[in-house]
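Structural description and commentary
The residues making up each chain are set out below.
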Amino acid sequence: GAVVSQHPSWVICKSGTSVKIECRSLDFQATTMFWYRQFPKQSLMLMATSNEGSKATYEQGVEKDKFLINHASLTLSTLTVTSAHPEDSSFYICSASTGGYNSPLHFGNGTRLTVT
Amino acid sequence: AQSVTQLGSHVSVSEGALVLLRCNYSSSVPPYLFWYVQYPNQGLQLLLKYTSAATLVKGINGFEAEFKKSETSFHLTKPSAHMSDAAEYFCAVSDNNQGGKLIFGQGTELSVKP
C-alpha cells in the first residue's frame, strides 16, 4: 500500500532556531500534500495545502512566513518552522494524495516538535 | 462551511462491550464523512468512509458507521471491544469523496477495560 514517511519523528530545538520536517511519499507520486498541526489531546488543524511546483495555500490564521512549505518534487514536501518558539511545540502530521483533490489520502506518522 | 462535533472527549468500555462513538456534522453541501484512528505518536489510519453510496458503511477491524441525514449523524460502532481498540478516534468531513481537505472533529479517546 501507499506509504508516507515523515522525518524526523521527533525533534527538540532551541528557541529562535529553525526546524525542517520532511514528508515523503515512498511508493507513489503525491501531487498534493497537506500539513496538519495537533496540540496534545486536541484535534488536527489543517495548516496548509501544497501542490507540487506551486505555492502552498495556507489556512486562515497560519503565518506563511513562519511555516515555510516547499513541495519541489512529486515525492517530497517540507515544512520549515522558522524562528521557533515554545508555543510552536506541537505534533505535525502530513498527508499526501496521488492525484489531486479527489484522490485517496495517506498520512505520515507525524513529527513531535519540542522547542525549549 | 463544514464542521463536525464529536460528543464525548473520552469513552470507556469494558472488553467485549459495545463501542459507540458519536459524530454529528454540519455541511451546506452533500458531505463525505470519514472515521480515522490514531495510536499514540502516530499518524492517522482510515477506518471507513461514507461517500453517498450505502448509508451503513463497514470498515476495518470490525467497525461500522451509519449515515443518518435526518439526524446529521455518523456514529461509529463496534459490537465487541478489544483491548487493541484503545486509541483516539477522529470523525472528519470533506467536500470530496477521497478526503483531500479534511475538517476534523475534536476526537474521542477510547479506553478499553479488561
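Let us look at the structure shown here.

Attention now goes to the pairing of strand β2 (residues 10-13) of chain A. Each regular strand displays side chains that alternate between the two surfaces of the sheet. Residue and element names in this part refer to chain A. Every second residue of β2 is oriented toward a common face, the buried set being Val-11 and Cys-13 and the non-buried set Trp-10 and Ile-12. Pairing of β2 with strand β11 (residues 111-115), which is carried by four bridges, proceeds in the parallel orientation. Looking at β11, one finds that Cys-13 is bridged to Val-115.

Okay, the sheet that holds strand β1 (residues 4-7) of chain A next. Residues and elements named next belong to chain A. Taking strand neighbours across the sheet as the criterion, the four strands line up as β1-β3-β8-β7 in an open arrangement whose pairing is antiparallel. Where the open sheet ends on each side, the last strands, each with one partner, are β1 and β7 (67-73). For this sheet, the mean angle separating the axes of adjacent strands, direction not counted, is 15°. As judged from the five bridges shared by β7 and strand β8 (residues 76-81), these two strands associate in the antiparallel manner.

A word on the pattern of salt bridges. Residues and elements named next belong to chain B. Evaluated as defined, the whole model comprises four salt bridges over all chains. A salt bridge links Lys-58 to Glu-64, with the nearest nitrogen and oxygen atoms 2.8 Å apart. Looking at Lys-58, the relative accessible area reads 62%, which means it is exposed. Judged by its relative accessible area of 24%, Glu-64 falls in the partly exposed class. When the shortest N-O distance is used, the salt bridge between Lys-78 and Asp-85 registers 2.9 Å.

Omega for the bond connecting His7(A) with Pro8(A) falls within 30 degrees of zero, at 0°, which places this linkage in the cis form. Positionally, Pro8(A) belongs in the loop between β1 and β2. Of note in this structure, Asn61(B) is not a glycine but carries a positive phi near 60°. Relative to the assigned elements, Asn61(B) resides in the loop between β6 (56-58) and β7 (64-68). A relative accessible area of 43% means that Asn61(B) is categorised as partly exposed. The backbone phi angle of Thr72(B) is positive, close to 45°, even though this residue is not glycine. By secondary structure assignment, the location of Thr72(B) is in the loop between β7 and β8 (73-78). For Thr72(B), a relative accessible area of 32% gives the class partly exposed.

Moving on to the state of the cysteines. In total, this model carries two disulfides over all chains according to the counting rule given. Bridging Cys23(A) to Cys94(A), the disulfide has an S-S length of 1.9 Å. Between Cys23(A) and Cys94(A), the disulfide has an S-S torsion of 80° and is therefore right-handed. In this pair, Cys23(A) is assigned in strand β3 (residues 19-25) and Cys94(A) in strand β9 (residues 90-97), connecting sequence segments 71 residues apart. With a relative accessible area of 0%, Cys23(A) lands in the buried category. Under the relative-accessibility criterion, Cys94(A) is labelled buried at 0%. With a sulfur-sulfur separation of 2.0 Å, Cys23(B) is cross-linked through a disulfide to Cys91(B). Its S-S torsion of approximately -60° makes the covalent link between Cys23(B) and Cys91(B) left-handed.

Parameters at a glance
- Residues numbered from 1 in each chain as written.
- Chains lettered and ligands numbered in written order.
- Predicted model: local features only at pLDDT ≥ 70, side-chain atom pairs only at ≥ 80, totals over all residues.
- Heavy atoms only, no water.
- Buried < 20%, exposed > 50% of the residue type's maximum accessible area, 1.4 Å probe, protein only.
- Helix = DSSP H or I, 4+ residues; strand = E, 2+ residues; numbered from the N terminus.
- Pairing = 2+ DSSP bridges.
- Axes fitted to C-alpha atoms, helices over the stretch in contact; angles between N-to-C directions.
- Salt bridge = Lys/Arg side-chain N within 4 Å of Asp/Glu carboxyl O.
- Disulfide = S-S within 2.5 Å.

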